[in-house]
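Chains, contacts and geometry: an overview
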Amino acid sequence: MAGTERIERGLTSEEAAKRLQQYGPNALEEKKRSAILRLLGYFWGPIPWMIEIAAILSALVRHWDDFWIIVALLVFNAAVGFWQEFTAGNAVEALKKQLAMKARVLRDGKWQEIDAKGLVPGDVIRIRLGDVIPADVKLISGTYLSVDQSALTGESLPVTLKVGESAFSGTVVKQGEAVAEVTATGVHTRFGKTAGLVAQAHTVSHFQKAVLTIGDYLIYVSLALVAFLVLFQLHRNAPWLELVQFALILTVASIPVAMPAVLSMTMAVGASALSRRKAIVTRLESIEEMASMDVLCSDKTGTLTQNRLTLGKIVVFGDSHEQGVLLAAALASRAEDRDAIDEAILAGLEDKKLLHAFAQTHFVPFDPVRKRTEATVSDHHGHSFQVTKGAPQVIMRMSGLTESERYRAQQTVDAFAAEGYRALGVARRDEGDEEWRFLGIISLFDPPREDSARTIARAREYGVQVKMVTGDNLAIAKQIARKLGLGDRILPAAALTSGKGGNGSSGDGERIERADGFAEVFPEHKFDIVKALQARGHIVGMTGDGVNDAPALKQADVGIAVSGATDAARAAADLVLTAPGLSVIVEAIEEARRIFERMNAYAIYRISETIRIMFFVVATMVFFDFYPITAIMIILLAFFNDVPIMTIAYDHTGLEKDPVRWEMHQVITVATTMGVVGVIGSFGMLLLAMDWLKLDVAQIQTYVFLKMAVAGHLVLFVARTKGYFWRRPWPAPVMVWSAVITKLAATVLAAYGFGLITPISWPEIGLIWGYSVASALVTDLAKVQVYRHLQHRARRHQRFINRVREPLHRFGQAPDGGRRQQAPLEDSSGESTSPRTGLGR
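Now for a quick tour of the structure. (Residues numbered from 1 in each chain as written. Predicted model: local features only at pLDDT ≥ 70, side-chain atom pairs only at ≥ 80, totals over all residues. Heavy atoms only, no water.)

1. Focus on the side chain of aspartate 446
By the secondary structure assignment, aspartate 446 is in the loop between β15 (437-445) and α16 (452-461). Exposure remark for aspartate 446: the relative accessible area of 2% places this residue in the buried category. Within the structure, aspartate 446 has its side chain in polar contact with the side chain of threonine 305 (distance 2.5 Å). Separated by 3.2 Å, the side chains of aspartate 446 and arginine 422 make a polar contact. If near-sequence neighbours (up to four positions away) are discounted, aspartate 446 is found in contact with Thr301, Gly302, Thr305, Gln306, Asn307, Arg308, Leu309, Arg422 and Ile480. (Helix = DSSP H or I, 4+ residues; strand = E, 2+ residues; numbered from the N terminus. Buried < 20%, exposed > 50% of the residue type's maximum accessible area, 1.4 Å probe, protein only. Polar contact = N/O pair within 3.5 Å; in protein donor to acceptor, adjacent residues only side chain to side chain. Contact = heavy atoms within 4.5 Å.)

Right under this line is the structure:
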């Protein structure tokens, strides 16, 4: 294929397939460990070493039953960990596939959208504002591109590129539009060659840090108690080999071995659930911040409104007519861009055949700086002229309007704004003319989404304050806000005094906190708004769709790329929406809070179980001088407990009405109370076995084993709710059945022994079950009382804070020590400074 023809028609599908085989996919190679190496990794580390040493000691003393069961535990732990890692990895990979970058490519003479990884050298692609350039390219047509290369070169300022110059993979288009030819893909790109030098830091969320801190705490407590036990028993001249083996097994059973696996599994399962709700998580750890979010700054267009523009009134200037104004606006549009404004204008044109009489010879797309589109057009006679459309104030300044015409135009814009219409100026300049001729003003209307007002009310019920952020002027913003029930305290962004970096005055922070929304917002204002709210202690979510929104999305605790966002915005976001509207975000908040509750329940369960097992076993050996449970029984307990613990990722949980944050004091207090009640219950059971049933040591060990197995799972059901455990929400069926099956297995083992343990009678088993259920009820009552006490104390503390604040407010002194000023929330000017008047988000 000749070079010129290939550029005009692009590659054929057959040629592209051949080149894909030759050059490989347009993706960086990921170094993945083989499945066998990952599986073997679970046999290496402190925990596996302890189990392996225990197995070796069992072999030395010829306890072959213990040896094989310990080996089985080692294999089981490895298999469970590997399966959970594999499942979580698959979930994350599935999410990544949904976020695969797309490219607009010319193939077989037609423009089409494909996955960027399918690009090959020689492909002709179109790149425009907001795109992350998918491969190394050479510009072959277009005016210019302003490209941010900071991710590749570290240059802070965008670089302007012209036809014939090269742009590199991974850089971001800040302005302009161009057609380019792909010169290199994948590992052969400039980005691919340097990517191996870049190490990405792994961030751990506040919640994970807290849970891992608990894990460390439990490890230290367990090791301290085991060390005390070993020293005490050696002082009693206990057989050291058997004692060390028992101590190792007890340590393994007590410390939270499964914690990393449960964490990753719960997060991954939750992320998969969110993706089914059209919200794709790009960073699993952001789920915790989403559950804690209490302020959401939402885009208006497409999120609160339908983003389906409808043509309204047209006001004509000069000797033009309505369809003439529409025709000029249509010629300054490009249908293949599928822009909402362009589509509304083209749809309003009565005779679309008129467009066939003209040809666009040059087109300059919209960008936030110029705030307009422009096209050079020639008619069938060869006469050339220019047309433009954009923000009315911009078009008015360009045109030669008289004072009276300028006044009339401004009045028209204000009147449209008061009715909630967006205004679009249209002008024309004929060949040889210096001044543009103002043709008229087109009004467009984007109605609110039907579910927006209801969804905002739902968000408020969950303790999340929604603030509207829009590039529209103040009048339009207030009119839409009233329709949505947001309130009319709309703050013009120009009224903020904060400069670059968001270091505004405390007065700004207070006004931003009190505002219901923000009008005339440029992307840099979003960053300032986020920082001001964070400085006042809020967990902030921010929506965005454009390349210039990326800094605000990064700064926000939860950056949300709305449906249809640019690649740059999606790359910066924690959450990417694949469906329009605010309801998706509210559903994501609900799901995030459920995930948080599952993690919270696991933390409480794990602490209480460690206290229950460790203190009971150590105290029994100190006071009664015998093993209340054997090493083999501890291993079997680990088997029976691990399966239901894994199902906590699928549990049905309650939904908190307020944003949830990690409360370490509450978790430790509740878990410790449950653990202490469990220890007391276990001692009561032990005394029954010793003094009333008169069982021998071997039977007592089976007795204790079954009690710990049954009661341990009941503790899991107690820990999962703050209310009484028999009330809704009821546990997930998979959680119930896993507990039932493992408990039945433990019961059958206690009844028949199977050569592993000493059997006990069915009446004794019935007594254990009855006692365990009663003990769980007592534990549940204690848990509910602790929660009530903590909630009462929290309310009392809040009342005290409010009493302290009242005098400060009365004397005009803000709680932060700054003077509280009643600053105006409105700007007297209705003039739009929107990047796209009435058209910006």
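Having seen it, we continue.
2. Some points on α16
Taken residue by residue, α16 has Ser452, Thr455, Ile456 and Ala459 as its buried positions. Projected down its long axis, α16 carries its buried residues within an arc of 100°, all on one side. If you follow the buried residues of α16, they end up packed against β16 (465-469), α17 (474-484) and α22 (583-624). Glycine 463 sits one or two positions beyond α16 and adopts a positive phi of about 80°. (Arc of directions from axis to C-beta.)

3. Section: the packing of helix α12 (residues 322-331) against helix α13 (residues 340-348)
Following both chains from N to C, one finds α12 and α13 inclined at 140°, their axes separated by 9 Å at the closest point. The pairing of α12 with α13 is recorded here as oblique in orientation. The two elements α12 and α13 cross, and the hand of that crossing is left-handed. Residue-level inspection shows Gln323, Leu326, Ala329 and Ala330 of α12 in contact with α13, the latter providing Ile345, Leu346 and Gly348. Split into classes, the residues belonging to the contact of α12 with α13 amount to five nonpolar, two polar and no charged. (Axes fitted to C-alpha atoms, helices over the stretch in contact; angles between N-to-C directions. Parallel < 35°, antiparallel > 145°, perpendicular 65-115°, else oblique. Left-handed = near helix turned anticlockwise from the far one by under 90°. Nonpolar A, V, L, I, M, F, W, Y, C, P; charged D, E, K, R; others polar.)

4. Re the pairing of strand β2 (residues 110-115)
In this structure, strand β1 (residues 102-107) lies alongside β2, joined through six bridges in antiparallel fashion. The residue of β2 that forms the bridge with arginine 107 is lysine 110. The hairpin turn running from β1 into β2, its antiparallel successor, is two residues long, and aspartate 108 in that turn takes a positive phi close to 55°. (Pairing = 2+ DSSP bridges.)

5. Considering the nonpolar core
Counting residues in each nonpolar core, the largest one holds 131 residues, and the members touching the most others are Phe246, Leu250, Val617, Ile629 and Phe705. Looking at this core element by element, the count peaks at 24 residues for α22. Among all residues touching phenylalanine 705, those that are not within four sequence positions of it are Ile629, Met633, Leu636, Leu637, Phe640, Ala746, Leu749 and Ile757. (Core = buried A, V, L, I, M, F, W, Y, C linked by side-chain atoms within 4.5 Å.)

6. Topic: the sheet that holds strand β10 (residues 310-316)
Pairing within the open sheet is antiparallel, and its six strands lie in the order β10-β15-β14-β13-β12-β11. Of all strands in the sheet, those bounded by a partner on one side alone are β10 and β11 (358-364). Shown here is a sheet whose adjacent strand axes are inclined to one another by a mean of 25°, direction ignored. Sheet topology note: the β10/β15 ladder contains five bridges and is antiparallel. Among the inter-strand pairings, leucine 311 is bridged to a residue of β15, identified as leucine 444.

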